[in-house]
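# Commentary on secondary and tertiary structure
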Amino acid sequence: MSSEPLVIYADGATSPERAGAGIVVRDEQGHVILLANRILPCLTSNEAEYAGLLMALEVAIQLNARATEICLDSEVVVNQMNGRFAVNSATLKPWHIQACDRARRIHHLSYAHIPRTKNAVAHALASEAVAGRRWCTKGAPCSG
């Protein structure tokens, strides 16, 4: 359990063969406390971004952080989670519902849209998953 606030960077990546999600969890001081990625079946870009978000939410729940900020470079996902954009895609609705269900279990949660350059490590982890390579630090949700 963590009483510290967390900042979680999440990203998704795709290829014609498969997709991947990656997360980087930092504590309040900016220290990396967890790295993980997940190999996924073939998905759209936005679905892969949601997969990264779901992974981030899963970790925030597991760590029971008192506050969590999730940073993504997907403007679509951030704005849908913040309620600024409607979820019109039938493909994305189940992903959004899952994310909302998990988000309700986290007390102080916020989302931030960041430039891709600020999300390089999460992107690299997602890309590694697309290539079939898994990374996982102790305590990370490494299934998939």
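Provided above is the structure to which this section pertains.
The text that follows walks through the structure, step by step, so that each part is easy to find. These numbers were taken from a predicted model, which means no experiment stands behind them.

## Some thoughts on helix H3 (residues 93–103)
When we look at burial in H3, the residues that qualify are Trp95, His96, Ala99, Cys100 and Ala103. Buried residues of H3 fall within an arc of 130 degrees about the axis and therefore sit on the same side.

## Section: the pattern of salt bridges
When the charged atoms of two side chains with opposite charge come close together, those side chains can pair. The tally for this structure, following the rule as stated, stands at four salt bridges. The residue arginine 38 makes a salt bridge to glutamate 58 at a minimum N-O spacing of 3.1 Å. Here the residue arginine 38 occupies a position in strand E3 (residues 32–40), and glutamate 58 occupies one in helix H1 (residues 45–63), the gap between them amounting to 20 residues. In the salt-bridge network here, residues are joined through shared partners; they are Arg38, Glu58 and Arg102.

## Focus on helix H4 (residues 120–130)
Among the residues making up H4, those that are buried are Ala122, Leu125, Ala126, Ala129 and Val130. Each buried residue of H4 sits inside an arc of 150 degrees when the element is viewed along its axis, so together they form one side. Buried residues in H4 make contact with strand E1 (6–14), strand E2 (19–26) and E3. One or two residues past the end of H4 sits glycine 132, with phi positive at roughly 90 degrees.

## Description of the sheet that holds E2
Strand order in this open sheet of five strands is E3-E2-E1-E4-E5, and the pairing throughout is mixed. The two strands at the open ends of the sheet, each matched to only one other strand, are E3 and strand E5 (109–113). For this sheet the average axis-to-axis angle between neighbouring strands, irrespective of direction, equals 20 degrees. As paired strands, E2 and E3 are joined by eight bridges and run antiparallel to one another. Paired with isoleucine 23 across the bridge in E3 is alanine 36. Set on the sheet, H4 makes contact with E1, E2 and E3; between it and E2 the angle comes to about 145 degrees.

## Let's talk about the nonpolar core
With 37 residues, the main nonpolar core has Ile8, Ile23, Leu53 and Tyr111 as its most contacted residues. It is H1 that contributes the most residues to this core, 12 residues altogether. Look past the residues within four positions of isoleucine 8 in its chain and what remains in contact with it is Ile23, Val24, Val25, Ala56, Val59, Ala60, Thr68, Glu69, Ile70 and Cys71.

What counts, and at which threshold
- Residues numbered from 1 in each chain as written.
- Predicted model: local features only at pLDDT ≥ 70, side-chain atom pairs only at ≥ 80, totals over all residues.
- Heavy atoms only, no water.
- Buried < 20%, exposed > 50% of the residue type's maximum accessible area, 1.4 Å probe, protein only.
- Helix = DSSP H or I, 4+ residues; strand = E, 2+ residues; numbered from the N terminus.
- Arc of directions from axis to C-beta.
- Salt bridge = Lys/Arg side-chain N within 4 Å of Asp/Glu carboxyl O.
- Contact = heavy atoms within 4.5 Å.
- Pairing = 2+ DSSP bridges.
- Axes fitted to C-alpha atoms, helices over the stretch in contact; angles between N-to-C directions.
- Core = buried A, V, L, I, M, F, W, Y, C linked by side-chain atoms within 4.5 Å.

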